[in-house]
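Structural features, examined
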Amino acid sequence: DRTLASRLDSARNNGDFDNLVLIAPPEFLGHLRGNLSKEVLSMVSRQVDKNMVQKPAEVLRNYL
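Residues numbered from 1 in each chain as written. Predicted model: local features only at pLDDT ≥ 70, side-chain atom pairs only at ≥ 80, totals over all residues. Heavy atoms only, no water.

Focus: the overall build of the chain
In terms of regular secondary structure, the chain is built from four helices and two strands. Seen in sequence order, the chain has helices and strands lined up from the N terminus as α-β-α-α-β-α. Against the globule reference of 11 Å for 64 residues, the chain gives a C-alpha radius of gyration of 12 Å, in line with a compact fold. In terms of principal-axis extent, the alpha carbons of the chain reach across some 30 × 25 × 15 Å. Across the 64 residues of the chain, 25% fall into the buried class. For the chain, restricting intrachain contacts to residue pairs at least 6 apart in sequence, the fraction spanning at least 24 positions comes to 66%. Accessible area of the chain: about 4,600 Å², with a carbon and sulfur share of 44%. Once the 9 positive and 8 negative side-chain charges of the chain are each reduced to a mean point, those two points are 4 Å apart. (Helix = DSSP H or I, 4+ residues; strand = E, 2+ residues; numbered from the N terminus. Rg over C-alpha atoms; globule rule 2.2 N^0.38 Å. Buried < 20%, exposed > 50% of the residue type's maximum accessible area, 1.4 Å probe, protein only. Contact = heavy atoms within 4.5 Å. Areas by Shrake-Rupley, 256 points an atom, 1.4 Å probe, with all protein chains shown as cover. Lys, Arg positive; Asp, Glu negative; His and termini not counted. Charge placed at Lys NZ, Arg CZ, Asp CG, Glu CD.)

Okay, here's the thing in structure tokens:
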């Protein structure tokens, strides 16, 4: 979760995204939020606390 938080912060600094949707299992999402910078958190437009790893792309699109 620290590595991902660091990568998201770098991507934000590079202007790689305007907003961010976080989809992750509840426990991981909690850990991730705790490691994200204030700047990245301010760009989060939605958070979905579900394990969607095995879901097809069509299902994920419904959450976006």
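We are not done yet, so read on.
Here we look at the nonpolar core
Ranked by size, the top nonpolar core spans 13 residues in total, and within it Leu8, Phe17, Leu20, Leu22, Leu32, Leu36 and Val40 carry the most contacts. At the level of secondary structure, the elements contributing two or more residues to this core comprise helix H1 (2–13), strand S1 (20–23) and helix H2 (26–35). (Core = buried A, V, L, I, M, F, W, Y, C linked by side-chain atoms within 4.5 Å.)

Describing the pairing of S1
Where burial is concerned, the two faces of S1 differ: the one with Leu20 and Leu22 is buried and the one with Val21 and Ile23 is not. Bridge count between S1 and strand S2 (residues 44–48): four bridges; the pairing is parallel. Note on S2: the bridge partner recorded for Val21 is Arg46. (Pairing = 2+ DSSP bridges.)

Here's the deal with the pattern of salt bridges
Evaluation of the coordinates by the stated rule reveals one salt bridge. Salt-bridge contacts for Asp9 lead to Arg12; the nearest nitrogen and oxygen are separated by 3.3 Å. Taken together, the residues Asp9 and Arg12, both in helix H1 and three residues apart, mark about one turn of the helix. (Salt bridge = Lys/Arg side-chain N within 4 Å of Asp/Glu carboxyl O.)

Shape descriptors only; they carry no functional weight alone.
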